[in-house]
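Take a look at the letters that make up each chain.
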Amino acid sequence: MSAIMRLTFLEMLKKKILYLALAMTAVFFIFYGVALHYVYASLRNMEPLMKTALSGQLMSLGVYITGFIIAFLSVFASAGAISSEIEQGTYDAIATKPIPRYKLLIGRFLGIVIVLLGYLVFMLGTTVVLNVVIGHGVVKYFSLATFLKSLSVFALLPILLVSVGIFFSCSMSTMASGVTLVILYFCAMIGGILEQVGQMITTEAKHVISNIGIIISLIMPSDIIYRKASAVLFTTSSGFTVNLDQMLGGNTQPSNAMLIYIFIYIAAAVGLSIRKFGKRDL
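A brief report on the enclosed structure follows. Keep in mind it's a predicted model, so treat the numbers as computed, not measured.

## Let's talk about the pattern of salt bridges
Scanning the model with the defined rule gives one salt bridge in all. The shortest N-O distance in the salt bridge between D223 and R227 comes to 2.5 Å. Highlighted residues: D223 and R227, both in helix α11 (residues 222-233), separated by four residues, approximately one helical turn. Exposure remark for R227: the relative accessible area of 6% places this residue in the buried category.

## Re the packing of helix α9 (residues 174-200) against α11
Helices that pack against each other are described as a pair by the angle of their axes relative to one another and the distance between those axes. Close contact between α9 and α11 brings their axes to 7 Å; oriented N to C, the two are set at 55°. The angle between α9 and α11 places the two elements in the oblique class. Counted together, Y185, A188, M189, G192, I193 and Q196 of α9 and S222, D223 and R227 of α11 form the full contact between these two elements. Looking at the contact of α9 with α11, its residues break down into four nonpolar, three polar and two charged.

## Digging into the packing of aromatic side chains
Scanning all chains against the criterion turns up 15 aromatic pairs. Geometrically, the ring pair formed by Y119 and F122 is edge-to-face, given 6.2 Å between the ring centres and 65° between the ring planes. You can see Y119 and its partner F122 sitting in helix α6 (residues 101-134), three residues apart, about one turn around the helix. Residue class for F122 comes out partly exposed when judged on its relative accessible area of 40%.

## Some thoughts on α11
Taking 1.5 Å of rise per residue, the 12 residues of α11 would be expected to cover 16 Å, and the 17 Å separating its terminal C-alpha atoms lies within 8% of that figure. When you tally the buried positions in α11, you get 12 out of 12 residues, the bulk of the element. Looking at α11, one finds that the buried residues are S222, D223, I224, I225, Y226, R227, K228, A229, S230, A231, V232 and L233.

## Structural notes on the nonpolar core
Among the nonpolar cores identified, the biggest contains 71 residues, and F154, V164, I166 and M220 are the most heavily contacted of them. Listing elements by their share of this core, those giving two or more residues are α2 (16-43), α3 (48-78), α6, α7 (144-154), α8 (156-171), α9, α11 and α12 (256-279). Ranked by residues supplied to this core, first place goes to α6 with 14 residues.

## Regarding empty space enclosed by the protein
Counted under the stated rule, the structure contains one cavity of 30 Å³ or more. Computed from the structure, the largest cavity encloses a volume of approximately 50 Å³. What lines the largest cavity is simply M12, K15, I17, L18, L73, F76, A77 and L116. At the level of elements, α2 and α3 are the ones that each hand at least two residues to the lining of the largest cavity. In terms of residue count, the dominant contributor to the lining of the largest cavity is α3 (three residues). Per-class residue counts for the lining of the largest cavity are seven nonpolar, no polar and one charged.

Criteria and cut-off values
All chains use their own residue numbering, which begins from 1 and follows the written sequence. Whole-chain, interface and lining totals are the exception, using all residues; otherwise, since this is a predicted model, local features are given only for residues with pLDDT of at least 70 and side-chain atom pairs are given and counted only at 80 or more. Excluding hydrogens and water, the side-chain figures rest on all heavy atoms present in the structure. For salt bridges, the criterion is a side-chain nitrogen of Lys or Arg within 4 Å of an Asp or Glu carboxyl oxygen. Per the convention used, a helix needs a DSSP run of H or I reaching at least four residues, while a strand needs a run of E reaching at least two, with both numbered from the N terminus. Partly exposed describes any residue whose relative accessible area lies between the buried limit of under 20% and the exposed limit of over 50%, with all areas from a 1.4 Å probe on protein chains only and scaled to the type maximum. A fitted line through C-alpha atoms serves as each axis, taken over the contacting stretch for helices, and the angle formed by two N-to-C directions is quoted from 0 to 180°. Convention used here: angles under 35 degrees read as roughly parallel, angles over 145 as roughly antiparallel, angles from 65 to 115 as roughly perpendicular, and any remaining angle as oblique. Contacts are assigned to residue pairs that have any heavy atoms within 4.5 Å of one another. In the scheme used here, Gly and all other residues not listed as nonpolar or charged are polar, with Ala, Val, Leu, Ile, Met, Phe, Trp, Tyr, Cys and Pro taken as nonpolar and Asp, Glu, Lys and Arg as charged. Think of it this way: a Phe, Tyr or Trp ring, Trp meaning its six-membered ring, pairs with another when their centres are within 6.5 Å, and the plane angle makes it stacked under 30 degrees, edge-to-face over 60, tilted otherwise. Multiplying 1.5 Å by the residue count of a helix minus one yields the expected span of that helix. Side-chain atoms within 4.5 Å are what join buried Ala, Val, Leu, Ile, Met, Phe, Trp, Tyr and Cys residues into a set we call a nonpolar core. Cavity means a closed set of points on a 1 Å grid over the protein atoms alone, one where a 1.4 Å probe fits but cannot get out, pocket means an open set with protein on both sides within 12 Å along at least 5 of 7 lines, and lining means a residue has an atom within 4 Å of a point. Grid points are joined across faces, edges and corners, and a volume is the space filled by probe spheres set on the points.

This is the structure:
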C-alpha cells in the first residue's frame with residue numbers, strides 16, 4: 001500500500017492541473033496582497049470596531065477562495081482516481097499481482113489527500129500571514145492556536161471530497177463522477193446559504209428554508225466544514241466573533257455533532273468505495 005501511495009503522490013505532483021492551480025494561486029495572492037496593502041492603510045485611522053469588522057471581511061474573502069480552490073482540486077484529483085486507471089488498462093497488470101484491491105484504493109486515497117493537505121496548509125497559511133503582516137496594528141485577534149484549530153477542521157474538506165470522489169470513480173466514468181461531485185458541491189453551497197437566509201428572516205418560511213438547507217448539508221456536508229473552520233478562525237478566546245459576514249459563514253458555527261457526522265460520512269464513503277472496487281470488473 002505504501003508503494004501505491006508513493007506512486008500516487010508522485011503522479012499528483014506531475015499533474016498539469018496542480019501547477020496551473022499553483023500559478024493561478026500565485027496571481028491571486030499578488031492581487032490579494034496589493035489590495036490588502038491599500039485597504040489596511042485606509043483602515044488605520046478608523047474606529048476600532050470598524051477596523052475589526054472590515055479586517056474580518058478581508059480575511060473571510062481569502063478563506064473563502066481557499067476553500068473553493070481546494071474543493072475543485074479535490075474534485076479533479078479524485079474523479080478519475082480509479083475510473084481513469086481502469087479505462088487506460090493500468091490495473092490489468094496490477095490485478096495479476098497478489099495485492100488486495102483495498103490496498104490499491106487506500107493507497108490512491110492517501111496519496112491524493114497528502115498532496116491536497118499540503119496545498120491547503122500553504123493556501124490558508126499564506127492568507128492568514130498576509131493579513132497579519134500587512135494589517136499589522138489592525139489585525140490583532142489571531143493566534144497560532146486558533147489557526148491550527150481552524151486548519152484541523154478545514155483539513156476535513158479535501159478528505160471528504162476525495163472520499164466521495166473515489167466512490168463515484170469506482171461506480172461510474174471519470175466524466176460522470178466529476179460532474180456529479182461538482183453538482184453536489186454546489187448544492188452544498190446553496191444549502192449553506194439557505195440556512196443563513198433562514199436565520200435572517202422572520203416569516204413563516206423561516207423553518208422551511210432552514211430545513212431544506214439542513215437536508216442538503218446532510219447529503220453533502222462540505223459547506224459545513226468550511227463554515228465550521230471559518231467560524232473557529234474568527235472566534236477569539238473570549239468567544240467573540242470578529243467576522244460579521246452572513247453569507248461567507250464566519251459568524252455561525254455548526255455544532256461539534258456535525259463534525260462527528262462528517263467523520264462517519266467519510267468512513268462510510270471509503271468503506272463503500274472499497275466494497276465497490278472489490279466487486280468491479282477490471
